[in-house]
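Structural overview
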Amino acid sequence: AFSGGGLVEAGLKDLSDSKFAIEYDEKIAGVYRNNHGDHILVADIRGVDIEELASEVDGGLDYFHASPVCKRFSTMRATQGETALDIETAQATADIISEKQPKVVTIENVPQYKNSEAMSVITDALDANGYTWDANVYNSADYGAATSRRRLIVRAVKDGVLPPMPQKVKEKRGWYEVVEDLVADLPTTSLAPWQR
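In this text the structure is predicted, and so the values were computed from the model without any measurement. The residue count restarts for each chain, going from 1 along the sequence in the order it is written. Under the rules for a predicted model, residues below a pLDDT of 70 receive no local features and side-chain atom pairs below 80 are neither given nor counted, while totals for whole chains, interfaces and linings still include all residues. Note: side-chain values were computed over all heavy atoms of the structure, leaving out hydrogens and water.

**Points about the confidence of the model for the protein**
Low-pLDDT stretches of the model should not have their predicted coordinates read in fine detail. Cut-off, in case you're wondering: Every residue is assigned a pLDDT by the predictor, reflecting its confidence on a scale from 0 to 100. By definition, any uninterrupted DSSP run of H or I lasting at least four residues is a helix, any uninterrupted run of E lasting at least two residues is a strand, and each is numbered from the N terminus.
On average, residues of the protein score 82 in pLDDT, and 84% of them are at 70 or above. When mean pLDDT is compared element by element in the protein, helix H5 (residues 117-128) scores highest at 97, while helix H3 (residues 50-54) scores lowest at 67.

Given below as structure tokens:
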């Protein structure tokens, strides 16, 4: 749910086979469609019939990922605080968890979401349905990404034990190290050396 352009699917491409996705914005859903196929529904999650949508998935829902609305939690916003939309989209997420009881659930959001009422709506659903879960803020640079991006990640399993998190990398990489091999292979251009 709240699939965006499909970054989670891209990251998990060797581990999962996405059967359906939901995105409210038609243009963003188009990016998803171009990257991952036509199994995306353009809709407001608050009005989606999950029973009908998930009935297309044989054997139940193995994995469910959501990134509920969080615009008001951004540190860049002058007026912060939860809105009805925040709570309603969290409730829609909680309803999917309660109704479909996927084996694995992940939620991704901004760090400020951790102590919100919306987060409590979701974690109450996890507790009520017997999930083992944790919620921590991680910085992508600590795990090998060439950017510093702090995100709240909720990991939940229905029957089982949470896997350990990957170990943090000892040395951080900058963006140039990630593209260095591309720069070395650039054809002769009119760019100055410093531009290359």
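**Re helix H4 (residues 84-100)**
Stated precisely, the cut-off is as follows: Working rule for helices: expected span equals 1.5 Å times residues minus one. Think of it in three bands: residues with accessible area under 20% of the maximum for their type are buried, residues over 50% are exposed, and the middle band is partly exposed, with areas taken using a 1.4 Å probe on protein chains only.
In a regular helix each residue adds 1.5 Å, so 17 residues correspond to 24 Å; H4 covers 24 Å between its end C-alpha atoms and thus fits that length. Listed as buried for H4 are Asp-86, Thr-89, Ala-90, Ala-92, Thr-93, Ala-94, Ile-96 and Ile-97. Downstream of H4 by a residue or two, Gln-101 has a phi angle that is positive, lying close to 45 degrees.

**Section: the packing of H4 against H5**
What counts, and what does not: Convention adopted: a line fitted to C-alpha atoms gives each axis, helices being fitted over their contacting stretch, and angles between N-to-C directions are expressed from 0 to 180 degrees. Every angle not falling under 35 degrees, over 145, or within 65 to 115 is termed oblique; those three ranges are roughly parallel, roughly antiparallel and roughly perpendicular. Residues are treated as being in contact if the distance between any of their heavy atoms lies within 4.5 Å. Each residue receives one of three labels: charged for Asp, Glu, Lys and Arg, nonpolar for Ala, Val, Leu, Ile, Met, Phe, Trp, Tyr, Cys and Pro, and polar for the others, Gly being one of them.
At a minimum axis distance of 8 Å, the contact between H4 and H5 shows a crossing angle of 10 degrees. What the angle tells us is that H4 and H5 run roughly parallel. Seen from H4, the contacting residues are Asp-86, Ile-87, Ala-90, Gln-91, Thr-93, Ala-94, Ile-97 and Ser-98; seen from H5, they are Glu-117, Ala-118, Val-121, Ile-122, Ala-125 and Leu-126. Among the residues making up the contact of H4 with H5, the classes are represented as nine nonpolar, three polar and two charged.

**What to know about the pairing of strand E6 (residues 150-157)**
Keep this limit in mind: A pair of strands is considered paired only if DSSP assigns at least 2 bridges between the two.
Most of E6 is tucked away: six of the eight residues are buried. One ladder, built from eight bridges, connects strand E5 (residues 132-139) with E6; its direction is antiparallel. Looking at E6, one finds that Val-137 is bridged to Leu-152.

**Here we look at the sheet that holds strand E4 (residues 104-109)**
The four strands lie next to each other as E3-E4-E6-E5, forming an open sheet whose pairing is mixed. Two strands lie at the open edges of the sheet, namely strand E3 (63-66) and E5, each paired on one side alone. Adjacent strand axes in the sheet meet at a mean angle of 15 degrees when their direction is disregarded. Relative to E6, E4 runs antiparallel, the two sharing six bridges. Opposite Asn-109, over in E6, you have Leu-152 as the bridge partner. Sitting on the sheet, H4 touches E3 and E4, and the angle it makes with E3 is about 175 degrees.

**Notes on the nonpolar core**
Where we set the bar: Among the buried residues, those of types Ala, Val, Leu, Ile, Met, Phe, Trp, Tyr and Cys that are joined through side-chain atoms within 4.5 Å form a nonpolar core.
Among the nonpolar cores identified, the biggest contains 31 residues, and Phe-64, Ile-97, Val-105, Tyr-113, Ile-122 and Leu-126 are the most heavily contacted of them. With six residues, H5 is the largest single contributor of residues to this core. Among all residues touching Val-105, those that are not within four sequence positions of it are Phe-64, Ile-97, Leu-126, Tyr-131, Val-154, Arg-155 and Ala-156.

**Details of the pattern of salt bridges**
Our working rule: Every case where a carboxyl oxygen of Asp or Glu lies within 4 Å of a side-chain nitrogen of Lys or Arg is listed as a salt bridge.
Following the criterion strictly, the structure yields seven salt bridges and no others. For Arg-33, the salt bridge identified is with Glu-26, shortest N-O distance 3.6 Å. With a closest N to O distance of 2.7 Å, Arg-33 and Asp-38 form a salt bridge. What emerges from the salt-bridge pattern is a single network uniting Glu-26, Arg-33 and Asp-38.

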